[in-house]
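Residue strings, one per chain:
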Amino acid sequence: MSDFYVSWSDYYRTIEALAIQIHQSQWEFNQIVCLAKGGLRVGDILSRLFRQPLAILATASYGGPNNRVRGAITFGRDLTMTTANLGNRVLVVDDLVDSGITLQKTLVWLDRQYGFYIDEMRTAVLWYKHCSVIKPDYYVQDFADNPWIHQPFESYETLSVAELATLPNPPSDRMT
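Residues numbered from 1 in each chain as written. Predicted model: local features only at pLDDT ≥ 70, side-chain atom pairs only at ≥ 80, totals over all residues. Heavy atoms only, no water.

Considerations on the overall build of the chain
Here is step 1 of the chain: Tallying secondary structure elements over the chain gives 5 helices and 8 strands in all.
Here is step 2 of the chain: Helices and strands in the chain line up, N terminus first, as β-α-β-α-β-β-β-α-β-β-β-α-α.
Here is step 3 of the chain: Taking all 176 residues of the chain together, the buried fraction comes to 40%.
Here is step 4 of the chain: A fraction of 66% describes how many contacts in the chain between residues 6 or more apart in sequence connect residues 24 or more apart.
Here is step 5 of the chain: Carbon and sulfur atoms provide 50% of the accessible area of the chain, an area that totals close to 9,600 Å². (Helix = DSSP H or I, 4+ residues; strand = E, 2+ residues; numbered from the N terminus. Buried < 20%, exposed > 50% of the residue type's maximum accessible area, 1.4 Å probe, protein only. Contact = heavy atoms within 4.5 Å. Areas by Shrake-Rupley, 256 points an atom, 1.4 Å probe, with all protein chains shown as cover.)

With respect to the pattern of salt bridges
Charged atoms that come close allow side chains of opposite charge to pair.
Here is step 1 of the chain: In the structure shown here, the tally under the stated rule is 4 salt bridges.
Here is step 2 of the chain: With a shortest N-O distance of 2.6 Å, D10 and R13 are connected by a salt bridge. In this pair, D10 and R13 are both assigned in helix α1 (residues 8-25), 3 residues apart and thus about one turn of the helix distant.
Here is step 3 of the chain: The partly exposed category is assigned to D10, whose relative accessible area is 32%.
Here is step 4 of the chain: On the basis of relative accessible area, R13 is assigned to the partly exposed category, the value being 47%.
Here is step 5 of the chain: Across the salt bridge formed by R48 and D44, the nearest N and O atoms sit 3.0 Å from each other. Taken together, the residues span about one helical turn, with R48 and D44 both in helix α2 (residues 40-50) at a distance of 4 residues. (Salt bridge = Lys/Arg side-chain N within 4 Å of Asp/Glu carboxyl O.)

Side note on the nonpolar core
Here is step 1 of the chain: Of all hydrophobic cores here, the largest spans 24 residues; its most connected members are Y11, L46 and L91.
Here is step 2 of the chain: Counting residues per element, this core draws most heavily on α1, which supplies 6 residues.
Here is step 3 of the chain: Beyond its immediate sequence surroundings of up to four residues, Y11 is in contact with V6, G38, R41, V42, L126, W127, Q151, P152 and F153.
Here is step 4 of the chain: Counting residues in each nonpolar core, the second largest holds 18 residues, with L79, L86, I118 and I134 among its members. (Core = buried A, V, L, I, M, F, W, Y, C linked by side-chain atoms within 4.5 Å.)

Some points on the side chain of H150
Here is step 1 of the chain: Of note, H150 is situated in strand β8 (residues 148-150).
Here is step 2 of the chain: Separated by 3.2 Å, the side chains of H150 and E154 make a polar contact. (Polar contact = N/O pair within 3.5 Å; in protein donor to acceptor, adjacent residues only side chain to side chain.)

Things to note about the packing of α1 against α2
Here is step 1 of the chain: At a closest axis distance of 10 Å, the pairing of α1 and α2 adopts a crossing angle of 50 degrees. Viewed along their axes, α1 and α2 adopt a mutual orientation that is oblique. At the point where α1 passes α2, the crossing takes the right-handed sense. Residue-level contacts link W8, Y11, Y12, I15, L18, A19, I22 and H23 of α1 to R41, V42, I45, L46, L49 and F50 of α2.
Here is step 2 of the chain: When the residues that make up the contact of α1 with α2 are grouped by side-chain class, the tally is 12 nonpolar, 1 polar and 1 charged. (Axes fitted to C-alpha atoms, helices over the stretch in contact; angles between N-to-C directions. Parallel < 35°, antiparallel > 145°, perpendicular 65-115°, else oblique. Left-handed = near helix turned anticlockwise from the far one by under 90°. Nonpolar A, V, L, I, M, F, W, Y, C, P; charged D, E, K, R; others polar.)

Okay, structure coming up:
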């Protein structure tokens, strides 16, 4: 498996490129649902740029050493949102699709839980791997192979707060 490294500046530029792509599609949506944890930053920025409400669905499928072992998918009990109801045109966002199973099952989960509100759902990610079982509606970069994507916040997964306190430069300074 190859490796693909992303700096903080590249990360934010990729989110901006995704926003532009969605905007240029002229699709009108009225709700963003982001998948936590990976889609939190993506969803937050898109919510601010498009001025649409953000709902958060907690999901987990990776664990083990360095969070690289795919396991069973776990969903939160409900969406966290600040609106009374979910919008009817929903943009579902995450950072990437690897196997695509989480995104695929999320669409089923949303339909089962909130389908009576939803008229249309589309999906958006920063990175799409061709090995995925689902192709997102919007993505910035695609990979024919299956690289491990090293995102700039990964260093926090193996760092404790005590260790952070002893560093002369935090990881955010070193990951440019």
